[in-house]
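Residue-level structural notes
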Amino acid sequence: MIEMETTSPEPKNRTTGALVLFLLFVLPMPVCLFIYHFILWSTEQTAITSLSLKNLEMAGMIGLAVQAVLMTILFTVLWRFTNDDRFKPVYAGLAGASVMAFPALLLRVIGPNNDQLGSISQAVICLIGAGVVILARKNKNKIDWDRASIPFGLVIAGIGFLPFVVYGSFGSLGDTLLSLFASISFGFLAATLIESTTGNLFLDGIGIGALLALLGSAIGYDGSQLLLLAILPSFAFGISALMPSKSAAGAAVSLLVFAGLALFDPTELTIVLGDIAGVAVKTAGFVIVIGVVTSIIALVLRFVTGAGSGQRVTRAIGWAGAGITWLVVITVFFMFGNPGNYGDRLFVILKDQADLSDVASITDRDERLHVAFEKLTEHANETQSELRRFFDSVGVEYTPYYLENAMEVRGGTLVRLYLMTRPEVDRVIPSPRLRAVPDDVPAPGGLSEVDGSVQWNISMIGADKVWDEFKVRGEGIVVGQSDSGVDGEHPAIADQYRGVTQGDDYNWFDPWDATTSPNDEGGHGTHTMGTILGANGIGVAPEAQWIGCVNLDRNLANPALYLDCMQFMLAPFPHGGDPFKDGDPSKAAHVLNNSWGCPSLEGCDPNALLYAANNLRDAGIFVVVSTGNDGPMCETIESPLSLYDSVFSVGAIDQYGDMAEFSSRGPVTADGSSRTKPDIVAPGVDILSSLPQGTYGANSGTSMAGPHLVGVVALIWSAQPDLIGDIDSTEKLIRDTAQPYNGNIPDPCGSGGESSNVYGYGIVDVYEAVKQALINK
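1. Overview of the side chain of Ser254
The residue Ser254 is located in helix α12 (residues 246-262) in this model. For Ser254, the side chain forms a polar contact with the main-chain oxygen of Ser183, separated by 3.4 Å. The residues touching Ser254, leaving out its near neighbours within four places in the chain, are Ser183, Ile184, Gly187 and Phe188.

The structure is reproduced here in structure tokens:
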């Protein structure tokens, strides 16, 4: 038999003023902190989504520092000058929780996609904090842990865990174990600070809620602080019902924190990924309701069983209740949740990169592609051999790449530390993987059909004149697109799919979900493909062919997924094939559309994919890239691939010839080059094109501008096959025939001689380009 005490020694020096002061400062604390940190988080998100407001990215750190100073002063003063014995220990705990925000500032500089390092840091901070508290209390009030009451804390936490196992998903085993370590450390720290000295369960709950809010706001980061701020205070009164058992309270807090840290990747709690944020909000909503209801039931049970007289329960009943609760949690997880390994990975870039400079001089396209493929694969096989042998010997999974001499490794902090000691490794960057969420539903457009008339953007660049005067519509050119996918059944683009006559092998690759035929979960790729070669007046080169690769899911990817698709475009392979052994460069695309960028949120540094882009160019593949939508400030072209000299970067204008405000600007400073970008501009505002389910709609963005240039290259190379693979001459032709920019936005970003850091060499004119190409024939 165990005894769960329900009373504390009767407090002395009670005063009404002290009670009012306590309620005034402590009761609203969880709500105020949540609002405060939501504002800070929103400000940081604004900086993420708009490089023009990059100076706001430190808002969270500055805000937490302000909180640390103000809250520490407030609760230290209240503790020092309060004589009411009910609240003095509570204020001491709140002051201690406030102080924890100072070391927790380190968490704000870890950066995205470093979750294992974050978990280790959280654990160290909490354990040091708990150790200091225990030492400070050593000669005063010894902590009574009452470990026998732990099962009651497990029951409360298990009930709160249920929504998380339905809507969330775990990372890798390493991620999960380190999150558990951090969570137990958090619970241990909370248990050392929590006090129940007011003689009133309701007042105890108010103090516990404020303390958990202070700790959650400090120890959580990258968005997880909002989850912790939402869920922990809602269980405060249930935890007060567990007191004075520090072990039971610590167990409940630990597992609730574990749910928030382990089942949602903090880096994904961003407005860039609206689906994860939405799922997290729904989950938190359910947990808050459960927490409130659970707390009410716990308080009622305490009162019903006789507060102050003690409650005797058997150890067997307590553990049986905990066991049943967690058996239900596990069952729900496997029946309705997202079992699986969704952990982040590492992208390893090697120092020794292949040199294809001599390949560019080969005039025969097929020979050039084959030589490039052979040199790249041989070089990767040779230079990666020792790393591959080591990983094979220790059972670490990896994916080798050849287009850039790199590897993606399924490993965490220990593997990263090992790789940093290897002499052949240049650097290791994150390769994040998205956690599971409900399947995307393709977004159809508002129009079920178009009238077939030539759209304004097609006429603006002169594509229709090329069709009519030169009878060229892109025949013989294969476009490769890496995007969210393509609706392969859309009537405007279905017939142009090379797989219609050759099958899906070598024509479709989905490294995300391993689908075997064209599809599009998001709609972005269907729209961009329609602008390149769609029929019915929406596409620039309507008789070109296309092959596709899925590198975006929910509009995000990582360096490895981007490289998967770039590599496929050089040497397509059959489904389930080995890119090294089964790649066929004779089936390579001629020109690539890349309406995406890889920012640091996705793991990339400025040069993460530089060698891959350079090698595609050397192999004779024309790489077109949209500049991004981070304008109108200068120096906002900073994410791969758009900043590279080896690609052709495209900004956006509207139908009046004015620059789109969102279009990113140069010069490129992220890599220290001061390179002038973009190269050119094309229509990118209110572009009507294909969307999933056979529909049509208008979208805006530089993602819509880049596809025009892809279609332009297809028309030029179709009209003048001698230019195929001659990237330098083709780029020069496009630049020399561009129309001058006469829009209403001046060039505030400087220029690189003939080219502007706002609009490049001007507005693309495919009619003049094809005309000039034929004259030079």
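2. A short note on the packing of aromatic side chains
For the structure on display, the rule yields 28 aromatic pairs. With 5.5 Å between their ring centres and 35 degrees between their planes, Phe509 and Phe568 make a pair best called tilted. You can see Phe509 sitting in strand β8 (residues 508-509) and its partner Phe568 sitting in helix α22 (residues 559-570), a full 59 residues away along the chain. By relative accessible area, which is 17% here, Phe509 ends up buried. Relative to Phe573, the ring of Phe568 has its centre 5.2 Å away and its plane inclined at 85 degrees; by these criteria the two rings are edge-to-face. Under the relative-accessibility criterion, Phe568 is labelled buried at 0%. Through pairs of rings, three or more aromatic residues link up here, namely Phe161, Phe170, Phe258, Trp326, Phe333 and Phe334.

3. Overview of the pairing of strand β7 (residues 478-483)
Across the six residues of β7, six count as buried, placing the element largely inside the fold. Relative to strand β9 (residues 545-550), β7 runs parallel, the two sharing six bridges. The partner of Ser482 across the bridge, within β9, is Cys549. In this structure, β7 lies alongside strand β10 (residues 591-594), joined through three bridges in parallel fashion. Bridged to Gly480 within β10 is Leu592.

4. Some points on the sheet that holds strand β6 (residues 425-431)
Pairing is antiparallel in the open sheet, where four strands are placed in the order β4-β5-β3-β6. The two strands at the open ends of the sheet, each matched to only one other strand, are β4 (398-401) and β6. The mean inter-strand angle of the sheet, taken between neighbouring strand axes irrespective of direction, is 20 degrees. With four bridges joining them, strand β3 (residues 345-350) and strand β5 (residues 406-409) adopt antiparallel strand pairing. If you follow Phe347 over to β5, its bridge partner there is Glu408.

5. Observations regarding the sheet that holds β8
With respect to topology, seven strands assemble into an open sheet ordered β8-β9-β7-β10-β11-β12-β13, the strand pairing being parallel. The two strands at the open ends of the sheet, each matched to only one other strand, are β8 and β13 (680-683). Against the sheet, helix α21 (residues 524-533) touches β7, β9 and β10, its axis set at about 160 degrees to β7.

6. Regarding the packing of helix α25 (residues 702-719) against helix α27 (residues 766-775)
Look at α25 against α27: their axes get within 9 Å of each other, and the N-to-C directions meet at 20 degrees. Taken together, the axes of α25 and α27 lie roughly parallel to each other. Considering only the axes of α25 and α27, their crossing is right-handed. Here α25 contributes Val712, Leu715, Ile716 and Ala719 to the contact with α27, which in turn contributes Val766, Ala769, Val770, Ala773 and Leu774. When grouped by side-chain class, the residues that make up the contact of α25 with α27 number nine nonpolar, no polar and no charged.

7. Here's the deal with the pattern of salt bridges
One pass over the structure, following the stated rule, counts 18 salt bridges. Where Glu731 meets Arg617, a salt bridge forms, and the shortest distance between an N and an O atom there is 2.9 Å. Of this pair, Glu731 sits in helix α26 (residues 727-736) while Arg617 sits in helix α24 (residues 610-618), and the two are 114 residues apart along the sequence. Arg617 sits in the buried class, given a relative accessible area of 15%. Glu731 serves as the salt-bridge partner of Arg735, at 3.8 Å between the closest nitrogen and oxygen. Of this pair, Arg735 and Glu731 both sit in helix α26, four residues apart, which is roughly one turn of the helix. By relative accessible area, Arg735 is classed as partly exposed at 23%. Glu731 gets classed as buried once you look at its relative accessible area, which sits at 7%. If you follow the salt bridges from partner to partner, you end up with Arg617, Asp728, Glu731 and Arg735 in one network.

Each value, and the rule that gives it
- Residues numbered from 1 in each chain as written.
- Predicted model: local features only at pLDDT ≥ 70, side-chain atom pairs only at ≥ 80, totals over all residues.
- Heavy atoms only, no water.
- Helix = DSSP H or I, 4+ residues; strand = E, 2+ residues; numbered from the N terminus.
- Polar contact = N/O pair within 3.5 Å; in protein donor to acceptor, adjacent residues only side chain to side chain.
- Contact = heavy atoms within 4.5 Å.
- Phe/Tyr/Trp six-rings, centres within 6.5 Å; stacked < 30°, edge-to-face > 60°.
- Buried < 20%, exposed > 50% of the residue type's maximum accessible area, 1.4 Å probe, protein only.
- Pairing = 2+ DSSP bridges.
- Axes fitted to C-alpha atoms, helices over the stretch in contact; angles between N-to-C directions.
- Parallel < 35°, antiparallel > 145°, perpendicular 65-115°, else oblique.
- Left-handed = near helix turned anticlockwise from the far one by under 90°.
- Nonpolar A, V, L, I, M, F, W, Y, C, P; charged D, E, K, R; others polar.
- Salt bridge = Lys/Arg side-chain N within 4 Å of Asp/Glu carboxyl O.

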